[in-house]
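# Residue-level structure breakdown
Each chain, letter by letter, is given below.
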Amino acid sequence: MIRSGSPRLVLGALATGPRSLWFARHGQSEGNVIRDDAERRHAERYELGMRDADVPLSDLGRRQAVALGRWMAEQPADVLPDAVLVSPYLRAAQTADLVLAEAGLTGVRRGVDERLRDREIGEWDGLTWRGIVGEFPAEAERAKLVGRFFHRPPGGESWADICLRLRTLLADVARELEGARVLLVAHDVVIQLARVVLEGLDEAAAVELVHGTAYANAGLTIFERRGGGMLLERYNWTVPVREQGAPETRSEDAAVGR
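No experiment lies behind these values; they were computed from the predicted model shown.

### A short note on the environment of Arg234
Turning to its location among the elements, Arg234 is positioned in strand S6 (residues 229-237). A residue is classified by how much of its surface remains accessible, and Arg234, at 39% relative accessible area, is partly exposed. As for Arg234 and Gly219, which are separated by 15 residues in sequence, their C-alpha atoms are 9.8 Å apart. With sequence-adjacent residues up to four places away left out, Arg234 is seen in contact with Leu220, Thr221 and Ile222.

### Some details on unusual backbone geometry
The residue Ala218 is not glycine, and still its phi comes out positive at about 65°. Along the chain, Ala218 falls in the loop between helix H8 (203-212) and strand S5 (220-226). In this structure, Asn236 is a non-glycine residue whose phi angle is positive, near 55°. Mapped onto the elements of the fold, Asn236 is located in strand S6.

### Here's the deal with the pattern of salt bridges
Across all of its chains, the model carries 25 salt bridges by this definition. Of the charged contacts in the structure, one is a salt bridge between Asp188 and Arg25, with a shortest N-O distance of 3.7 Å. Taken together, the positions of Asp188 in helix H7 (residues 188-199) and Arg25 in strand S1 (residues 20-25) put the pair 163 residues apart, joining distant regions of the chain. Linked through salt bridges whose partners overlap, the residues forming this network are Asp113, Arg115, Asp172, Arg175 and Glu176.

### A look at the layout of surface pockets
Considering only enclosed or pocket space, the second largest pocket measures out at about 230 Å³ in volume. If you trace the second largest pocket, you find 20 residues lining it, with Asp52, Arg91, Arg119, Ile121 and Asp125 closest to the centre. Tallied by class, residues from the lining of the second largest pocket come to six nonpolar, five polar and nine charged.

### Let's talk about the pairing of strand S2 (residues 83-86)
Here S2 shows no split at all, with Ala83 and Leu85 on one side and Val84 and Val86 on the other all buried. As defined by bridge partners, S2 adjoins strand S3 (residues 109-112) across four bridges and the pair is classed as parallel. Bridge pairing links Val84 to Arg110 in S3. Following the backbone out of S2, through helix H3 (residues 90-103) and into the adjacent parallel S3, one traces a crossover that is right-handed.

### What about the packing of helix H6 (residues 159-176) against H7?
Where H6 contacts H7, the axes come no closer than 9 Å and their chain directions differ by 70°. What the angle tells us is that H6 and H7 run roughly perpendicular. In this structure, H6 meets H7 at a crossing whose hand is right-handed. Contacts between H6 and H7 involve Trp159, Ile162, Cys163, Arg165, Leu166, Arg167 and Leu170 on the former and, on the latter, Val189, Val190, Leu193, Ala194, Val196, Val197 and Leu198. Looking at the contact of H6 with H7 residue by residue, the classes come out as 12 nonpolar, no polar and two charged.

Calculation notes
Residues numbered from 1 in each chain as written. Predicted model: local features only at pLDDT ≥ 70, side-chain atom pairs only at ≥ 80, totals over all residues. Heavy atoms only, no water. Helix = DSSP H or I, 4+ residues; strand = E, 2+ residues; numbered from the N terminus. Buried < 20%, exposed > 50% of the residue type's maximum accessible area, 1.4 Å probe, protein only. Contact = heavy atoms within 4.5 Å. Salt bridge = Lys/Arg side-chain N within 4 Å of Asp/Glu carboxyl O. 1 Å grid on protein atoms, 1.4 Å probe; cavity = no way out; pocket = protein on both sides within 12 Å on 5 of 7 lines; lining within 4 Å. Points joined across faces, edges and corners; volume = space filled by probe spheres on them. Nonpolar A, V, L, I, M, F, W, Y, C, P; charged D, E, K, R; others polar. Pairing = 2+ DSSP bridges. Right-handed = clockwise from strand over helix to strand, strands pointing away. Axes fitted to C-alpha atoms, helices over the stretch in contact; angles between N-to-C directions. Parallel < 35°, antiparallel > 145°, perpendicular 65-115°, else oblique. Left-handed = near helix turned anticlockwise from the far one by under 90°.

On their own, these measurements won't tell you what the molecule is for.
As structure tokens, this is what we get:
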């Protein structure tokens, strides 16, 4: 369990800015299905047939996004987002389209921000962990030594790199969306590391959070402004999707190491 001790000094953690932050992961993607199948078969590789950025939602992923939007349509208007930021990846954009249409929020301010993109894993792209160990045995050992938070795959990003881009994003949100209710549609590890940044978690707590949580497709994480900061109200919340009758899935987007 992640524990909080004495009060933390969290630099750039939105002492001012938005009224609320709703982070939604995209619905199940076709890439999730392909990678899950590779893991079940103990395969070393999986083939997407396209750039990761162009992978669309699966049929189930579309149902999940619609379910989340229908749930939002049932909520009081004064809690719903009035600004939306979306990862540039297709699966996130499709999720945002479906959620906003079902919720009746097609007229809200909307922007695309590359800092919400999924983790870049460089030369490990298309490999399961079994494949990484098989093709990059020395790098796999180095990853274990350096640790999940700071290890950067060849040509890719570490979790610390993602935290850096999220810090700049959140600083812009604080400055430009004062008092807004913001929906951010992104990816599993990006949402989890946004929580790390907002709560000022250290390396050990960050690893426990990300490794210990299989973040659900279309799952919600909600921060609300309380006093001088943002307070976590919900994390990896799947009730909206399940209430609307869509199955829950928790596929990872990429290998995170062992």
